[in-house]
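An overview of the molecular structure
This is what each chain is made of:
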Amino acid sequence: MSRVFMLAALIATPFALQAQAVVIPSPEAQIAAAVLPLPEEFRAEATVLGYRVPGTLVTLREGSGAMVCLADNPTEARFHVACYHRDLEPFMARGRALRASGVTDADSVDAVRFAEVKAGTIRMPDRGALWQMTGPAGSFDWVSNTADSTVRSLYVIYIPGATAASTGISTAPAVNLPWLMFPGTPKAHIMFVPRM
């Protein structure tokens, strides 16, 4: 490598690193986006977890309501916000902690959580709702707080231990119809995937 090329590469490196810096929206913008999946009546009182620095989830707003919302992770390309009932927080927080510790395989995360539910370390509620919105990179406008048509909604009702026999709900995935995912497990939930 020539000395000129090496010098050019050294000069360009800080600019390349700066261009790759993660942009974190303001706490207000994160909160506004995070609560969008919820029905209007739950938004103002929801607790919102988000980011002040990349990779570190913190409480941006302590709410008095039943819902906890997760802001979009600025280190991920896709747009994703989700809100769930506060009684599901121990289960959700444990999943985040396991992934942060390097356990990234979904089956491994669930194996640990399911064992801890069985042992009584994690208490699961009888039921709880989850609302989410997901879309590809660039599908959300942070200035207008709006999502484009590529963003999809998903609604979930957790019913730990539920089966097709106990609910009368099929386990076959469907669009615009409820179906039961992870039947018989602590993570059993009814999925609602609306047709767009």
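Rules and cut-offs
- Residues numbered from 1 in each chain as written.
- Predicted model: local features only at pLDDT ≥ 70, side-chain atom pairs only at ≥ 80, totals over all residues.
- Heavy atoms only, no water.
- Axes fitted to C-alpha atoms, helices over the stretch in contact; angles between N-to-C directions.
- Helix = DSSP H or I, 4+ residues; strand = E, 2+ residues; numbered from the N terminus.
- Parallel < 35°, antiparallel > 145°, perpendicular 65-115°, else oblique.
- Left-handed = near helix turned anticlockwise from the far one by under 90°.
- Contact = heavy atoms within 4.5 Å.
- Phe/Tyr/Trp six-rings, centres within 6.5 Å; stacked < 30°, edge-to-face > 60°.
- Buried < 20%, exposed > 50% of the residue type's maximum accessible area, 1.4 Å probe, protein only.

**What to know about the packing of helix α4 (residues 89-100) against helix α5 (residues 106-119)**
Axis separation between α4 and α5 bottoms out at 10 Å; the angle between their running directions is 140 degrees. With respect to α5, the axis of α4 lies oblique. Of the two possible hands of crossing, α4 and α5 adopt the one that is right-handed. Each of F91, M92, R94, G95, L98 and R99 in α4 lies in contact with α5, whose residues at this interface are V109, V112, R113, F114, E116 and V117.

**A closer look at the packing of aromatic side chains**
When we look at a pair of aromatic rings, we describe it by the centre distance and by the angle of the planes. All told, the structure shown has 4 aromatic pairs when counted by the stated rule. Seen in terms of ring centroids, F79 and W142 are 6.2 Å apart; in terms of plane orientation they differ by 75 degrees. Their pairing is edge-to-face. Residue F79 is found in strand β4 (residues 79-85), and its partner W142 is found in the loop between β6 (140-141) and β7 (146-147); the two are separated by 63 residues along the sequence. On the basis of relative accessible area, F79 is assigned to the buried category, the value being 3%. Classification of W142 as partly exposed rests on a relative accessible area of 29%. Between F140 and W142 the ring centres are 4.9 Å apart and the planes differ by 75 degrees, which places this aromatic pair in the edge-to-face class. Three or more aromatic residues joined by ring pairs make a cluster, and in this case those are F79, F140 and W142.

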